[in-house]
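Summary of the model geometry
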Amino acid sequence: MPAETQLLDVGWSGLALAAGLVLAAAGIARWQELGLEGRYLLGGLRAFVQLSLVGYALVYVFHAERWWLVLLVLGVMLAAAARAASGGRGSSAERARGVRMKRLWPVNASALTIGSGFTLFYVTQVVLRVSPWYEPRYLIPLFGMIVGNAMNGAALAAERLDAEMQRERRTVEAYLALGATPARASAELVRRALTASAIPSINGLMVVGLVQLPGMMTGQILAGASPTIAVRYQVVVAFMLAFATALTSVIVVLWRRRAFFTAAQQLVDETSGAGASAPRR
Amino acid sequence: MTAAERSSRGSEVSGEPALFALRGVGVERGGRAVLHDVTLELPRARLTSIVGPSGAGKTSLLRLLDRLDDPCTGTIDFAGQPLVAHAVRALRRRVAFVFQTPALFAGSVADNLRVAAELGGLGAEVAELESVLRAVGIDPGDAERDAAQLSGGEQQRVGIGRALMTRPEVLLLDEPTSALDPEAAQRLLGTVQRLAAQRGLSVIMVTHRLSEARQYSEHCVMLEAGRLVEAGSTAAMFASATTARARAYLASSE
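Everything quoted here is computed from the prediction, not taken from an experiment.

**Section: the sheet that holds strand β2 (residues 32–42) of chain B**
Residues and elements named next belong to chain B. With antiparallel pairing, the four strands of this open sheet are ordered in space as β2-β1-β4-β5. In the strand order of this sheet, the two ends are held by β2 and β5 (81–82), each with one partner. Strand direction decides the pairing type here: strand β1 (residues 20–29) and β2, joined by seven bridges, are antiparallel. The residue of β2 that forms the bridge with Val27 is Leu35.

And the structure:
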């Protein structure tokens, strides 16, 4: 095992010098009369404060070495991701269409839990064989990557499904009228939705390492890890993200598809919301 | 005699059980009553027309018969049994719905028919395909043409052909001629009449053209603003409608 060199510390003076970069960016904005200097400064401040808080929290969690604390942190990350996926995109798109669908939050949270949870389990327990099993140095960063990617992919797929179901309403009803099941009637649309999230994910696999060194590899190399090991980690990460995205997307899309149909295999009426013209049987 | 009485009397007289029997049926959409307290019977006629001004609820009524929507109030019977007692998919094979704009599937004419056959759980041998194409007035030689490139009238015919692939007893047509010029409309309805006779189908057709109702249907149902105005034999209705509103509407026929 190659000796790890000490990571160079960034002291307060280092931070101050780095802050100079944000100030310079703000300066450029001012020079070009963009009116964005304030936002650069606010962004810089928020980045510093938020990351510092996260840093302190992580220091505490790492030192405590308590499994439930680690799971708590993972839970908070998951909840934040599910909320971000359900709140911003869902409600404004729905409001624009005037559709009242079932709340997105439970679907997204469950799909993320299953998709990300299983992926994390596989990577940390089976691939890396982390010990102790809850080692926060591994679980927390890896989970962050998994959940972030899975959420983005699932959001893409869900958004695409909504758009297609809206656009191809007549075709779906034509299938239903011929005696198709809701699954068959929407099969092509489900395929398009899942493809929408799979393509970026696959492209990610295709180009990793070509365009720029991925963030995690960069971090490890800076910390003194040998590039060979860093590369292997990055491969594991790339595979793990592809899987997490695929699994989470398919759960979200198949679950969400159900909300478009009634128990009597009709399309939900979009003007009146779920279960429009009949009580659900 | 009320419209409902007249309608049910019509089927009693013929001695046959009604094809569809609606009682107190109401449909609400977006807070508005699209259909209100509709009670009527639809007999097993060769062709029944549903007429009325725009917004009368004609399409909404037709959709109930295939359970594309369910009523908020009231009951519907099909062939003597409550509509909801039939398995939905089996019902939709027996009662076929053709939309106003056909929403054809991607691919050729034959592809559309094959998908329909597969959904109906039936094989789609070439002979069957050709028979259906001829029945709807499409040259079997055109079977591999891209469905998207057909004219409006041809697309309607493919839509009807698709519906026929599940070997239904009842054909529901939602304004089949609305996008067609008068000659094409006449040709299409002539085709519908012929294939209904050949295959023993009962056709229920929504139309806003009274002339079509008068010319092609034996039985007629008139709606206005979501309510039943009149129902009965077409000849009797056009000759002597019982209500003033009905007479006024019929008098405006082209």
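The rest of the description comes next.
**Looking at the pattern of salt bridges**
The tally for this structure, following the rule as stated, stands at 24 salt bridges over all chains. Glu164(A) is the partner of Arg192(A) in a salt bridge, and the nearest nitrogen-oxygen pair spans 2.6 Å. Taken together, the residues Arg192(A) in helix α8 (residues 187–207) and Glu164(A) in helix α5 (residues 136–167) connect sequence positions 28 residues apart. The class for Glu164(A) is buried, based on a relative accessible area of 3%. Between Asp111(B) and Arg114(B) there is a salt bridge; the shortest N-O distance is 2.9 Å. One end of the pair is Asp111(B) and the other is Arg114(B), both in helix α4 (residues 109–119) and three residues apart, which spans about a single turn. Take Arg114(B): its relative accessible area is 34%, and that puts it in the partly exposed class.

**Thoughts on the interface of chain B and chain A**
For interface size, the figure often reported is the accessible area lost on association. Taken residue by residue, the interface counts 29 residues in chain B and 21 residues in chain A. Regarding the contact of chain B and chain A, the summed buried area is about 2,200 Å², with carbon and sulfur atoms giving 52% of it. Sorting the residues of chain B by area buried against chain A places Arg89(B), Arg92(B) and Leu119(B) first, and these three jointly supply 26% of that buried surface. Where chain B meets chain A, there are two salt bridges. A salt bridge links Arg184(A) to Glu118(B), with the shortest nitrogen-to-oxygen separation between them at 3.3 Å. Connecting chain B to chain A are seven residue pairs in polar contact (both at pLDDT 80 or more). Its residues assigned to classes, the side of chain B that touches chain A shows 14 nonpolar, three polar and 12 charged.

Thresholds, definitions, all that
- Residue positions are given per chain, counting from 1 as you read along its sequence in written order.
- Ligands are numbered from 1 and chains lettered from A, in the order in which they are written.
- Local features in this predicted model are restricted to residues of pLDDT 70 or higher, and side-chain atom pairs are both shown and tallied only at a pLDDT of 80 or more, whereas totals for entire chains, interfaces and linings draw on every residue.
- Heavy atoms from the whole structure form the basis of all side-chain values; hydrogens and water molecules are not counted.
- Strands are labelled as partners when DSSP assigns at least two bridges between them.
- Helix and strand assignments follow DSSP, with helices taken as H or I runs no shorter than four residues and strands as E runs no shorter than two, numbered in order from the N terminus.
- Any Lys or Arg side-chain nitrogen found within 4 Å of a carboxyl oxygen on Asp or Glu counts as a salt bridge.
- Only protein chains enter the accessibility calculation, which uses a 1.4 Å probe. A residue is then buried if its area is under 20% of the maximum for its type, exposed if over 50%, and partly exposed in between.
- Whether two residues touch is decided by their heavy atoms; if any such pair falls within 4.5 Å, the residues are in contact.
- Summed over both partners, the accessible area lost on bringing two parts together, with a 1.4 Å probe, is the buried area.
- Identification of polar contacts relies on pairs of N or O atoms within 3.5 Å, with a donor-acceptor requirement for protein atoms, meaning one able to donate a hydrogen and the other able to accept it, and with residues adjacent in sequence counted only if both atoms are side-chain atoms.
- Here the nonpolar group is Ala, Val, Leu, Ile, Met, Phe, Trp, Tyr, Cys and Pro; Asp, Glu, Lys and Arg are the charged ones; every other residue, Gly included, is treated as polar.

Purely geometric stuff here, so don't read any function into it on its own.
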